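Observations on chain architecture
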Amino acid sequence: MKTDFSDWVLAGMLFVGCGTAKSPVTVKEYFKNEFLIGAAIPVPHVKGLDAKADSVVSLHFNSIVAENCMKCGEIHPRKDEYYWDAADAFVRYGEERGMAVIGHVLVWHSQVAPWFFYDSAGSYVTPEELKKRMHDHIVTVVGRYKGRIKGWDVVNEVIEDNGTYRRSPFYEILGEEFIPLAFQYAHEADPEAELYINDYSMACPPKREEYVRIVGELRKRGLRIDGIGMQSHIGLDYPDLGEYEKSIEVFGNTGLQVMITELDMTAIPTVHKRADVADNVAFKAAFNPYKEGLPENVSKQWNARMDSVFQIYRKHSDVISRVTWWGTHDGMSWRNDFPMRGRTDYPLLFDREYRMKQFMEEKLAR
Ligand code: 9MR
C-alpha cells in the first residue's frame, strides 16, 4: 500500500493525541487490562483504499469486526455462489495486525440473500429445507475461516423491544428452534470459535429478560454460547443509562461475556430510537441541523455522555470483554444515513479529520 508524507504526519498526530497532548498511550493500551477495543471495518478499508482510517485502526484498536462483507447477501447472494474476496481480505487484515477478528453475522433477517427462504414457486421453503440451507451456509462460511476467527455473531436481532420474537422468515418457518440450530451448526464448523447472540436496544427490560431466558435455554441443551452482544447504537437522550447498566449486570450474571458490539452515539436530533435498518424515513432539514459542524455545547454534551458510558464499561470490566465501535470516523458511519439519508452526524471515536474525540484524548493524556 502506498504511504505518502501526509499519512506519516497524520499517524504522528494521532500518536501524540492530535498534537495537543504528548502521550505515548494508544486507546488499546489504555484499556489493555479491561477489554479489547474494536472497530467495524468496511470493505474499502481492508482493500487498502483508506490509508488514514488504516493508521487509526492499526494504532488504536486490537479487534475488528466485518461491517458488511460477511453478511449472507454479500457473501452468498445465490444458492451455489459464494464471494470470498472481501471477507478473505478482512480476515487477513486482522491477522496481519495481530487483532481479535470477529465474524458478523450468520443468522440475521436483514441483508439476507433473497433466495434463502423461498422455493422456485416463490413460496416459503419447508422447515427441513431451511435447516439444510442454514446448515450449508453456516458450515461453509464458518468452516472457511476455522481457527482464524475469535468469535461469531451467530444470531442477530431476533427479539423485539417488547420481548417477543421477531416475525422473521427464520421464525415463521422454524419457530424458536432456528436459534439453537444456528449455534449447533456454528459450533460444528469451528469448535474453538466463541459464539455470540447480539441485538440493539438491550436496555429494554422485556428484551433483556427474554435474552436471559434464551441463553439459559441454549445452555440447558448443552450448546456452546460465549457472549451476549449489546449493539449500543445510542443517542444523547437514550437509553436510560441506569437500565443500560442494569443490562450489563444482568447479562454478566449469566456467567457469559458481555460485549459492546456496535457502539456509536448520534449527536443529531433523534428521529426514533430503534436501530432497525428497515425503519428509514424521508429527509427533513430540521433533523440535520449541524451540517457545517457540531456546536461546542453539543460536542460537550456528547463527550460528557460518552465519558459516563465508558465509566460504566470500566466499572463492569470484569464481565465486559470487548468494546467495539461501529466504524472508525464520523464520515463513514451508517448513522449519517439512518433513519434519514443524507444527514451529517458525529457518532464515532474520531471526527472527519481523524482527530480523536475529546473525552478519550483527555483520558490518554492523563
Ligand atoms: O453499518 C451497516 C450498514 O453499512 C449497512 O448498510 C446496514 C444494512 O446491512 O447494516 C449496518 O450494520 C448493522 C449491523 O450489521 C447490525 N446491527 C445494526 C447495524 C446498523 O444498521
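Residues numbered from 1 in each chain as written. Predicted model: local features only at pLDDT ≥ 70, side-chain atom pairs only at ≥ 80, totals over all residues. Heavy atoms only, no water.

**Overview of the site of the ligand**
Neighbouring the ligand are 14 residues; Glu67, Lys71, His104, Gln111 and Glu262 lie closest to it. Between the ligand and the protein, one listed contact pairs an oxygen atom with a side-chain N or O atom of glutamine 111 at 2.6 Å. A distance of 2.9 Å is found between an oxygen atom of the ligand and a side-chain nitrogen or oxygen belonging to tryptophan 326. Contact with the protein chains covers 85% of the free accessible surface of the ligand, which is 460 Å². (Near = heavy atom within 4 Å. Polar contact = N/O pair within 3.5 Å; in protein donor to acceptor, adjacent residues only side chain to side chain. Areas by Shrake-Rupley, 256 points an atom, 1.4 Å probe, with all protein chains shown as cover.)

**So, the packing of aromatic side chains**
By the definition in use, this model includes 20 aromatic pairs. Judged by centre distance (6.1 Å) and plane angle (75°), the ring pair of tryptophan 84 and tyrosine 145 falls under edge-to-face. Of the two residues, tryptophan 84 is situated in the loop between α5 (72-75) and α6 (85-96) and tyrosine 145 in the loop between α7 (127-144) and β4 (151-156); the sequence distance between them amounts to 61 residues. Residue tyrosine 145 is classed as buried on the basis of its relative accessible area, which comes to 0%. Here tryptophan 115 and phenylalanine 116 contribute two aromatic rings whose centre-to-centre distance is 4.9 Å and whose plane-to-plane angle is 50°, an arrangement assigned as tilted. Here tryptophan 115 matches phenylalanine 116 in class, with each residue buried. (Phe/Tyr/Trp six-rings, centres within 6.5 Å; stacked < 30°, edge-to-face > 60°. Helix = DSSP H or I, 4+ residues; strand = E, 2+ residues; numbered from the N terminus. Buried < 20%, exposed > 50% of the residue type's maximum accessible area, 1.4 Å probe, protein only.)

**Side note on the pairing of strand β8 (residues 257-266)**
With nine of ten residues buried, β8 is to be regarded as a mostly interior element. Where strand β6 (residues 227-230) lies against β8, four bridges are found, and the strand directions are parallel. Bridged to methionine 230 within β8 is isoleucine 260. With three bridges connecting them, strand β7 (residues 233-235) and β8 associate as parallel partners. Residue pairing in the sheet places histidine 233 in a bridge with aspartate 264 of β8. This β-α-β element, β8 to helix α12 (residues 296-315) to strand β9 (residues 320-325), shows right-handed connectivity. (Pairing = 2+ DSSP bridges. Right-handed = clockwise from strand over helix to strand, strands pointing away.)

**Let's talk about the environment of isoleucine 159**
One can find isoleucine 159 in the loop between β4 and α8 (169-174). According to the relative accessible area criterion, isoleucine 159 is buried, its value standing at 0%. Beyond its immediate stretch of four places on either side in the chain, isoleucine 159 contacts Thr164, Tyr165, Arg166, Asp199, Lys207, Glu210, Tyr211 and Ile214. (Contact = heavy atoms within 4.5 Å.)

**A few points about unusual backbone geometry**
Of note, the bond from histidine 104 into valine 105 is cis; its omega dihedral lies within 30 degrees of zero at 15°. The topology assignment puts valine 105 in strand β3 (residues 100-108). Following tyrosine 238, the chain continues to proline 239 via a peptide bond in cis, the omega torsion being -5°. Its identity as a non-glycine residue notwithstanding, serine 232 has a phi of 70°, on the positive side. Along the chain, serine 232 turns up in the loop between β6 and β7. Not every positive phi belongs to a glycine, and tyrosine 354 is a case in point at roughly 65°.

**Overview of the layout of surface pockets**
Regions of empty space are outlined by a rolling probe, equal in size to a water molecule, passed over the atoms. Its boundaries defined by the atoms lining it, the largest pocket holds a volume of some 370 Å³. Along the walls of the largest pocket sit 16 residues, with Ser299, Asp351, Arg355, Met356 and Lys357 positioned nearest its centre. Of the residues forming the lining of the largest pocket, the biggest block, four residues, is contributed by α12. Considering only residue class, the lining of the largest pocket consists of five nonpolar, three polar and eight charged. (1 Å grid on protein atoms, 1.4 Å probe; cavity = no way out; pocket = protein on both sides within 12 Å on 5 of 7 lines; lining within 4 Å. Points joined across faces, edges and corners; volume = space filled by probe spheres on them. Nonpolar A, V, L, I, M, F, W, Y, C, P; charged D, E, K, R; others polar.)

**Some thoughts on the nonpolar core**
In this structure, Met70, Met134, Trp152, Phe310 and Tyr313 are the most contacted members of the largest nonpolar core, which totals 106 residues. For this core, the element with the most residues is helix α9 (residues 178-189), which contributes eight residues. In this structure, methionine 70 is in contact with Ile75, Ala87, Phe90, Val91, Gly103, His104, Val105, Tyr145, Ile149 and Trp152, ignoring residues within four places of it in sequence. If you look at the next biggest cluster of nonpolar residues, it comprises ten residues, including Val65, Tyr196, Ala275 and Phe338. (Core = buried A, V, L, I, M, F, W, Y, C linked by side-chain atoms within 4.5 Å.)

**A short note on the pattern of salt bridges**
Scanning the entire structure with this criterion turns up 24 salt bridges. The salt bridge involving arginine 97 is made with glutamate 96; its shortest N-O contact spans 3.7 Å. Residue class for glutamate 96 comes out exposed when judged on its relative accessible area of 59%. For arginine 335, the salt bridge identified is with aspartate 264, shortest N-O distance 2.9 Å. In this pair, arginine 335 is assigned in the loop between β9 and α13 (358-365) and aspartate 264 in strand β8, connecting sequence segments 71 residues apart. Residues joined by salt bridges that share partners form a network here, namely Asp54, Glu96 and Arg97. (Salt bridge = Lys/Arg side-chain N within 4 Å of Asp/Glu carboxyl O.)

**So, the packing of α7 against α9**
Two numbers describe how α7 lies on α9: the axes approach to 8 Å, and their chain directions differ by 35°. Note on packing geometry: the crossing formed by α7 with α9 is right-handed. Only Phe178, Leu181, Ala182, Tyr185, Ala186, Glu188 and Ala189 of α9 make contact with α7, whose side of the interface consists of Lys131, Met134, His135, Ile138, Val139, Val142 and Gly143. Among the residues making up the contact of α7 with α9, the classes are represented as ten nonpolar, two polar and two charged. (Axes fitted to C-alpha atoms, helices over the stretch in contact; angles between N-to-C directions. Left-handed = near helix turned anticlockwise from the far one by under 90°.)

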